[in-house]
Amino acid sequence: MLALVRIALKRPYTFVVMAMLIVIAGVLSWIRTPTDIFPAIRIPVVAVVWTYNGLPPDDMSGRVVYYYERAVSSTVNDIEHIESQSMSGYGVVKIFFQPTVDISSALAQITAASQTVLKLLPPGITPPYVLSYNASSVPVIQLALSSDSLPEAKIFDFGQNMIRPQLATVAGAAVPSPYGGMVRQVQIDVDQAKLRSYGLSAEDVVAAVGNQDLIIPVGTQKIADKEYVIKLNDSPESIEALNNLPVRTVEGVTVRIGDIAFVHDSHPPQINMVRVNGDNAVLMSIIKAGSASTLDVIEGVKGLMPRLREMLPESLKLVAVGDQAPFVEGAVRSVLFEGGLAAALTGLMILIFLGSWRSTVIIIISIPLAILASVAALAGTGENINVMTLGGLALAVGILVDDATVTIENINFQLEQKKEIEAAIMDGARQIVVPATVSLLCICIVFVPMFSLGGISGYLFRPMAKAVVFALMGSYLLSRTLVPTMANYLLGGHDHDSHTPPRGFFGKFQHGFEQRFAAARRGYEGMLSAAIRSRRAFVVIFLSFVLASLALVPFLGQNFFPSVETVQMKLHVRGPTGLRIEETGRLFTRVEAAISTIAGPGVIASVVDNIGLPISGINAAYGNSGTIGSADGDILITLEEGQEKNSEDLVRRLREKLPELFPNATFSFLPADIVTQILNFGLPAPIDVQVIGNDFEGNRLLANKLLKRISEVTGVADARIQQPADQPTINVDVDRILASRLGVTERDIATSLLITLAGSIQTNPVFWLNPKSGVSYPVVTQTPQYWMNSLEDLARVPVSRGKTPQILGAVADIGRGESNAVVSHYSVQPVIDIFATNSGRDLGSVSAEIRKIIQEFDKARPRGTRIVLRGQSETMNSAYSQLYGGLALAVALIYLLIVVNFQSWLDPFVIVAALPAALAGVTWMLFATHTTLSVPALTGAIMCMGVATANSILVVSFAREQLAEGLEPFAAALEAGVGRFRPVLMTALAMIIGMAPMALSAEQNAPLGRAVIGGLIFSTVATLVFVPVLFGIVHSRRPGKSIEASDER
Amino acid sequence: MKDNIASEPLTGAVRGRRRGLWLFPLAAVGLALYLGFTFVQRWEAEKRLAEWTRERAVPTVSVISPHRDDKPQILALPGNIAAWNEASIHSQVAGYVRSWRTDIGAIVKKGDILAEVDTPELDERLAQAREELSRAEAGRALAGVTAERWSALRSSAAVSKQSADEKSSDLKVKQADVGAASANLDRLKAQKQFAQIVAPFDGVVTARNIDIGSYVGPDRAAQPLFKVADIHAVRVYVNVPQTYAARLTAGMQATFTTPQWPGRKFDARLATTSNAIGAQSGSLLVELDAANPDGALFPGSYADVHFELETDPSQLRVVSSALSVGQHGVRVATVDAEGRVKFKTVVIAKDFGVDVAIASGLEPQDRIINNPPESLADGDKVRISGEPSTGAAE
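Quick caveat, the model's predicted, so the values are computed rather than measured.

**Student:** When you look at the overall build of chain A in this model, what are you seeing that I'm missing?
**Tutor:** Counting its secondary structure elements, chain A contains 34 helices and 29 strands. Overall, chain A is about 125 × 80 × 55 Å in size when its C-alpha atoms are taken along their principal axes. The buried share of chain A, reckoned over its 1049 residues, is 54%. Long-range contacts, defined as pairs at least 24 residues apart, comprise 82% of the intrachain contacts of chain A with a sequence gap of at least 6.

Below is the structure:
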């Protein structure tokens, strides 16, 4: 280390160049590194989406998903767990991996497994979509397409076939199919009455289309010297021509498709509806995938928009909604602002304390350099710039100041001893090298537990810890290199006689400040000696106060992350199970009207509805709002700018009023902000109580009882069961013997019903190529839903083919039943999820009570059933226990480090004994500001431990020196306290001032700032009063033993 | 510097202690006050929150009452329309069509000539018969004169009685010959009349299978020349699946529609049933009569027949969204006077799709929860919404 200082003095340009290099590298990495809200969360998830039109959830679960899950769980490595949702027509299997997985080989295995099971699955099923994404893949911007003249199917077509391929060129953007609108397809509307009048069934129509609209290459023929391509009119040129395809010829009369059906350019029955401020629209959600930056993705999409507009017809409106860029930019900007403000404030503080602009300049230059070095190092280790790393840098500013200040102060002190500048620098450096190294190690050690954090919190906090540690290392290095170089230039030859009368306004001010400070120090001295005099009482009172303060901890409450106020709200509305989409749409209209009445005028800026299951299964995989069918959907409410303060109150009022107004619907508020969405990891609520097991009926009863108890827990809101089992169902029980006597088989009936109700596309895929646009559209035979609207219509569906005509009612009994609207699995076992949110109370207390309830129900559970609490509350618990464990480990490590430093077992104990005071301070500060414990607050507490330790080391080592010089223990303690009053106070003040802007903000890191401030106030008192007193007591008990000075200062 | 520190502590300590004397209790009291205040505040907030949560935990439901309705159940089945009377007209005589007078769609009266058939063979035979008659008549005339003469001669006993009797009986034979020849002629004449094809009753010509020059004959297997249908009224034949067979009785009213008259409803009366289930079709053939004053109904066309099956008007009905069907059978959730849930098991008499008729298990004054939340159990407390609720959309 000292060699470095020597180089700095002998070859000064070396470190000037190094500083320039740091600036270049730092600025370059700052520009090049993606900016985002959070660090990349590399927990890989693979979603596998199976599609089979019209297959009910129970069958999807039993006939498709279970097979696949079993295959995957036995052939794919490194699986953490498997979740699946079987909905009507879709099966979404999500495979969560261990963070160590090699995702490409896992993907290969997953794809292979889906090919293997394909033959075991229902006929006509296509291989699934396989999507790979991670926890931070959330929608970052949405494009809304609307038009007052174009039909919805056309709008969807533009979105799907024109815009989507263009958007895919934006790096890092994943674009699922559009929401809302309708898929364009050729629809053969079969008229049941006409079918009956010709004695035909729907299957005849399908067969006719299959026989007449073909894609069969016929080859070429060589005639004379040419080879001719033979072009057969095997596919009609226009959709209208399909109407003329013959179905059957009887008695010389040909029945054409047009006689019994109507072929037209249309869309399948609507299952998804999107409305932007009440107008039907198509919504394209752009999801950030991979490690791209949110801002880059949004910028790329916005940059494409003018070109997209040119490609689209004039009447099509394209607008961006739900843009997360302002949120991300705002968060980053405010952290930057806080950091800048902190640097400015601490600079000012240094100026006041040191009273020398030259010294201040040196410090103020070294701070940004340390930060730039950290940025470069972060970029070098693959981290992006985000709120967490910036918060870490802001946190570091206070300590950085300290490092440089101590160096400068020491040089100044040496200069005041009338030493030559170079000698002063060398001596100063020599004196502080050990304490500075120890304090650097102390602060780094407290961040070690951060690196062992698992799960999401690990991904979030490791970069933050890295940022702090890199900045500290940078600053440590700079204070040995650049600071001496600059000191050599700036401080040499400068007048260091502090007894000259003050000049100018600032000089006078500084002089006055010094006088006040001296008075304060005298006051402190009096206090310390008073404490020493009545030491027993003081130590007892202090310790008991500290311990009593810790008793407040349970009253703080625990959250994983502090909630943030945003202008966006997401309300999930679920109508009675099985509600048809048109009715759900109407329900939503009324709910929207009620919301705007409850909110009052001028509060709501825009409302976007997304009702029903998306048209493509890919969207179902990305979705995280728990929509399971046509009866539910989301309302995304954006409040006017500046209304975010009222959002909590609005949510409370909506929770009171809406269930009253719409008793048949259930309402739940989902996280709309990107942060909570990421933390929830695909779940729609922070609390997820799972009832896992095979006893379906028993579990259902148990879940219902659990739900009742959970919804009564204080502070629980929106408790609900995710999987309704009361999907209205019509049971068609065919009398097989009767049917067989009449020449009808179950297969005939199934096929007829499939074609009539679900359409033919699944079992008989036929496509029609539009020769003009080159797009192939599916040709689907189906009875329009509006023609099949009563039980009688169902009973009259013709079920025989070519024989004596029969109708369904003649051979089957039609009755009522209920079935599952969605079937979920967790680790290949059926699961019922009870979702709930905490409202007005912290997540920790709520989940603790729920855990108690779960324990109570443990006796009542059916055999083989497990009740498990999952979701954010569980992630939080594991993060807390890891952090607490880490904290204890950090204390132990610090203790051992100081033992090495002091070569004593007792002095480190003195220092460690002062640490609870820091925790007490954190507790009091959080308690007084009504801030709950959270991971940022705990980070703050950890930070405090580091700084408190570093400060205490300063005091104790000074006291040991005095003791070694032969002073009485208490005199040495007093001397040390007074002597170290200034640097300790400066360090603490620098941190406190640096954290003040963050603590006062309403951002996610506010608890961190508050915790640091509270902790430092208390720990400074402990360092300055409690530590000397305890030191005195400890050493006065062992008077015989002499202490060898172990450091030079 | 050390001197300073050594000399100053005394004053500082004195000041510090003195200040500390009144500062500490004050701080302690202040702290206690703050703690007390904030704890009371927090406790109250928590109590309010607990109350709020408990209130939210009580589900709000909408209730409906069972209603009565005599709206009939509709049974819709495919049927075929047949004419009231329909005749296939064949030619009695063999020959070639000389002319036809009515085409399909012509409205004919009974006896109107539809077509004429050229019968050259018959004509020949007719001429022959006529000749034969003349010959017989001539023979009879000669025999009459002869007999008269012989009779006169006999009276003068110029001839023997034998001879005279022979002559008179010869006259009788000849007379019979004339009768026979005349009858033959008449027969052929009558046959000739069949060369004119006439309408058997008032109706419409629904088919014409001949053209001029076609050879026709009395072959039963051949295509009929014409079809004439009486469509002043029509008969509608419906194959009723066995399941519904018992519920259809003669005299029932029904309506039907046909594809060619969208939106128009025709009335019909169930005339009779075959009283037997067809082995092939597995259904009961039912005949309905319907008037056809404007001739809009064409025989042979397809009809969508709607039977109105009477329902018991005294039965209670509830909308089907109020039912919960599970392993306990069909149940409805009712709310008692104290606002507590009571599940009642009901028996469905008939399902009308939108609502169901309840055979038993329900009282008219029951307050039934519409769209009952699945998690509801007996004895749960619920809040009844102030909003009137009628259908599934609510």
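Moving on, there is more to tell.
**Student:** What's the story with the interface of chain A and chain B in this structure? I'm lost.
**Tutor:** Buried accessible area, meaning the area lost when the parts come together, often serves as the stated size of an interface. Residue-level contacts link 56 residues of chain A with 49 residues of chain B. Take the side of chain A that touches chain B: its biggest share by element is eight residues, from helix α16 (residues 504-533) of chain A. Split into classes, the residues belonging to the side of chain A that touches chain B amount to 22 nonpolar, 14 polar and 20 charged.

**Student:** Before we go on, may I ask you to explain helix α23 (residues 696-711) of chain A in this structure?
**Tutor:** Think of an α-helix as turning once every 3.6 residues; residues three or four places apart then point the same way. Residue and element names in this part refer to chain A. Between its first and last C-alpha, α23 extends 22 Å over 16 residues, near the 22 Å set by a 1.5 Å rise per residue. Within the sequence span of α23, burial applies to N699, R700, L702, A703, L706, L707, I710 and S711. Taken end-on, α23 shows its buried residues confined to a sector of 165°, consistent with a single buried face.

**Student:** Looking at this model, I keep getting lost on the environment of I408 of chain A. Mind explaining?
**Tutor:** All names here are of chain A. Relative to the helices and strands, I408 resides in helix α12 (residues 387-416). Sequence-wise, I408 and A487 are 79 residues apart; in three dimensions their C-alpha atoms are separated by 7.6 Å. Excluding anything up to four places from it in sequence, I408 contacts S359, I362, I363, V483 and A487.

**Student:** Can you help me understand the sheet that holds strand β7 (residues 196-198) of chain B in this one?
**Tutor:** One key point about sheets: their strands pair by backbone hydrogen bonds, in either a parallel or an antiparallel sense. All names here are of chain B. One open sheet accounts for four strands, arranged β7-β6-β4-β9; its pairing is antiparallel. Edge strands, defined here as strands with exactly one partner in the open sheet, are β7 and β9 (215-216). For strand β6 (residues 113-118) and β7, the ladder comprises three bridges, and the chain directions are antiparallel. Bridged to A115 within β7 is I197.

**Student:** Would you explain the confidence of the model for chain A in this entry?
**Tutor:** Should pLDDT be low for a region, the predicted coordinates there are not to be read in detail. When pLDDT is averaged along chain A, the result is 84; 97% of the residues meet or exceed 70. Across residues 1040-1049 of chain A the pLDDT falls below 50, and counting only partners more than four positions away or on other chains, this stretch makes 21 contacts in the model.

**Student:** Sorry if this is basic, but what is going on with the pairing of strand β21 (residues 687-692) of chain A here?
**Tutor:** Every other side chain in a regular strand lies on the same face of the sheet, so the side chains alternate between the two faces. Residue and element names in this part refer to chain A. Counted residue by residue, β21 has six buried out of six residues, so it is predominantly covered. Burial along β21 is two-sided: I687, V689 and V691 facing one way and D688, Q690 and I692 facing the other are all buried. Pairing of β21 with strand β28 (residues 829-838), which is carried by six bridges, proceeds in the antiparallel orientation. Paired with I692 across the bridge in β28 is V831. In this sheet, strand β29 (residues 866-870) lies alongside β21 in antiparallel orientation, the contact comprising five bridges. From the neighbouring strand, D688 faces β29, where its bridge partner is R870.

Rules used in this analysis
Residues numbered from 1 in each chain as written. Chains lettered and ligands numbered in written order. Predicted model: local features only at pLDDT ≥ 70, side-chain atom pairs only at ≥ 80, totals over all residues. Helix = DSSP H or I, 4+ residues; strand = E, 2+ residues; numbered from the N terminus. Buried ≥ 20, exposed ≤ 12 C-beta atoms within 10 Å, placed from the backbone. Contact = placed C-beta atoms within 7 Å. Nonpolar A, V, L, I, M, F, W, Y, C, P; charged D, E, K, R; others polar. Expected span 1.5 Å × (residues − 1). Arc of directions from axis to C-beta. Pairing = 2+ DSSP bridges. pLDDT = per-residue confidence, 0-100.

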